[in-house]
Each structure stands twice: as C-alpha cells, then as structure tokens.
Amino acid sequence: MENDIEFSCVIGVSAGALNAANYIAKHIGRSAKINILHSNDSNYFGIKQFLLKGSVFNFSYLFYSPIKELYPYDVNAFMTSRQRFLIGATDCETGKVVYFEKHNYTELVQALQASSSIPLLCKPVYIDEKIYLDGAISDPIGIHKAFSEGFDKQVVVLTRQYEYIKSKPSNLIKNLYGINYKRYPELINSLNDQFIRYNLLMEEINKMEKENKIYIIRPSREINIKDIERDARKLIDVYFL
C-alpha cells in the first residue's frame, strides 16, 4: 500500500480474507490496530461470546458497531477498487470451497464471516439458504483458483515458516467434528483430511517457488502465537516481524 502496489485480483480465506479487505480499501495498519488494541476485549472475542452467542467471535461487533465506528472502513474505496476480490468459504453440504465476490458491504461482511468462521468455535453462516464455514478447511491457499481465473503471475502470502507441517486432528477433535456436524458427512471428511490437503498443497507451493512460477512472502521463523491470541506484545512482535 505504501508503494501503491495493486494486484488485479486478490484471493483470501479466513484471516487472510479479513486482511485483504483492509488492503483493498487501503487501510494501512487497520487490522493491526483492531487485533492488538482489542486483544483483551471480551466484547470482541472469547469464552463470553461463545457462551452468549455460540461463536468465539462477535462478528457484529467487528463489522458494524463499535469497531467500524472506531476505525472507519472506507466502503466507497473498497467498492470502487479496480481489484477483484475473491473470498473462499467451505460449503458444509459438499465440503468443497465456494468463492464469493464483492457486490456491497452487507454481502462482503457475510462472505468474510463465513470464510473466517472457525469450526467448533464459530457457528456456521447462512448465505442464500446455504451454510458455510471457514474457507481454510477446503482451500487454505487459493493458488489453483487464481490459475483457473487466468492469473499466471502470483504473489502468495503465507503465515507459516518453510518447515511447517500441519498435524492431523486428535481423536477428541474428530469426535467433536462427528457430533457437531453429523448432518454434514462431506464436511466431516473434509475436516478430517484437512491436514493432508494442506501439507500436499505446501509441497506443491514450495516446488513452484523453486521453479520461479510463484513468488512467496513468508515468515523466516516460527510464528509463536495462538490461533486466538490475547497477548498484545506477541501480536506486536509478529506485526513488525
């Protein structure tokens, strides 16, 4: 943003989609301010929200009031951007990825919420009478979507170091998947196989990087924060990594 670098298409899933929405609207540091300054805000996320609303994140608090008022989001800049923005979410019926594209702020928020709704910790999101969860379940890094859209030059932003390998879910987690999503067997299969899909995709990405087919931006060391991090000092350290 500081160097006016734009890409004709931006693809994001989960937290990557949330950051991409701020990138397209040209909000330098907005994501950092929200996550660092509200890292201990129980009205934003935490066990209180999970007990009250069934989701660890309060998405209304994030996308509308008061976060949107405290850190105004330039909806006009987003909607008039020349960049395409594709947001990946997982269809619970099929266990496959579905990509949404912007039309207005309400639809943007729906897609972002669906894309970043972590299984077991967040309620599924309904869009047009279909139900969705975190896009990272089915397509954690949308390089194949980009290629299918005709984009041969790609910059891929990763959040894990080169050696990272995703672990398979424990038996407890698998049981919880089975209990919580028993109506969606394809989703359960996708959740249980997510680690295989992710690790194979990373092998492919690393190979493409060596062949100069894609350009990678990734951390040079392990990122030592939790998926839901309350320590503002750790978040600041990662931001300036």
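Visitor: Which residues make up the nonpolar core, and what are the values?
Guide: Residues F85, L108 and L112 are the most contacted members of the largest nonpolar core, which totals 34 residues. If you list the elements that add at least two residues to this core, you get α1 (15-24), α4 (59-63), β2 (84-91), α7 (105-115) and β4 (125-127). No other element matches the six residues that α7 contributes to this core. Excluding residues that lie within four positions of it along the chain, L112 makes contacts with A17, L18, A21, F63, F85 and I87. Of all hydrophobic cores here, the second largest spans eleven residues; its members include I143, V156, Y198 and L201.

Visitor: Quick one: what's the story with the packing of helix α10 (residues 185-192) against helix α11 (residues 194-210), residue by residue and with numbers?
Guide: Direction vectors running N to C along α10 and α11 enclose 50 degrees, while the axes themselves pass 4 Å from each other. In terms of axis orientation, α10 runs oblique to α11. On the side of α10, the interface is formed by S190, L191 and N192, while α11 contributes Q194, F195 and R197. Class assignment for the residues of the contact of α10 with α11 results in two nonpolar, three polar and one charged.

Visitor: Before we move on, could you go through the packing of aromatic side chains and cite the residues and values that matter?
Guide: The final tally for this structure, using the stated rule, is 13 aromatic pairs. Relative to Y61, the ring of Y44 has its centre 6.4 Å away and its plane inclined at 20 degrees; by these criteria the two rings are stacked. With a gap of 17 residues between them, Y44 in the loop between α2 (30-37) and α3 (47-53) and Y61 in helix α4 connect regions that are remote in the sequence. As far as burial versus exposure is concerned, Y44 and Y61 are alike and both buried. Consider the rings of F59 and F63, whose centres lie 6.0 Å apart with planes at 10 degrees: the pair is stacked. Taken together, the residues span about one helical turn, with F59 and F63 both in helix α4 at a distance of four residues. By the burial criterion, F59 is buried, and F63 matches it. Three or more aromatic residues link up through ring pairs in this structure, and these residues are Y44, F45, F57, F59, Y61 and F63. The ring of Y105 has K68 lying over it, and the distance from NZ or CZ to the ring centre is 5.0 Å.

Conventions adopted
- Residues numbered from 1 in each chain as written.
- Predicted model: local features only at pLDDT ≥ 70, side-chain atom pairs only at ≥ 80, totals over all residues.
- Heavy atoms only, no water.
- Core = buried A, V, L, I, M, F, W, Y, C linked by side-chain atoms within 4.5 Å.
- Buried < 20%, exposed > 50% of the residue type's maximum accessible area, 1.4 Å probe, protein only.
- Helix = DSSP H or I, 4+ residues; strand = E, 2+ residues; numbered from the N terminus.
- Contact = heavy atoms within 4.5 Å.
- Axes fitted to C-alpha atoms, helices over the stretch in contact; angles between N-to-C directions.
- Parallel < 35°, antiparallel > 145°, perpendicular 65-115°, else oblique.
- Nonpolar A, V, L, I, M, F, W, Y, C, P; charged D, E, K, R; others polar.
- Phe/Tyr/Trp six-rings, centres within 6.5 Å; stacked < 30°, edge-to-face > 60°.
- Lys NZ or Arg CZ within 6 Å of the ring centre and 35° of its normal.

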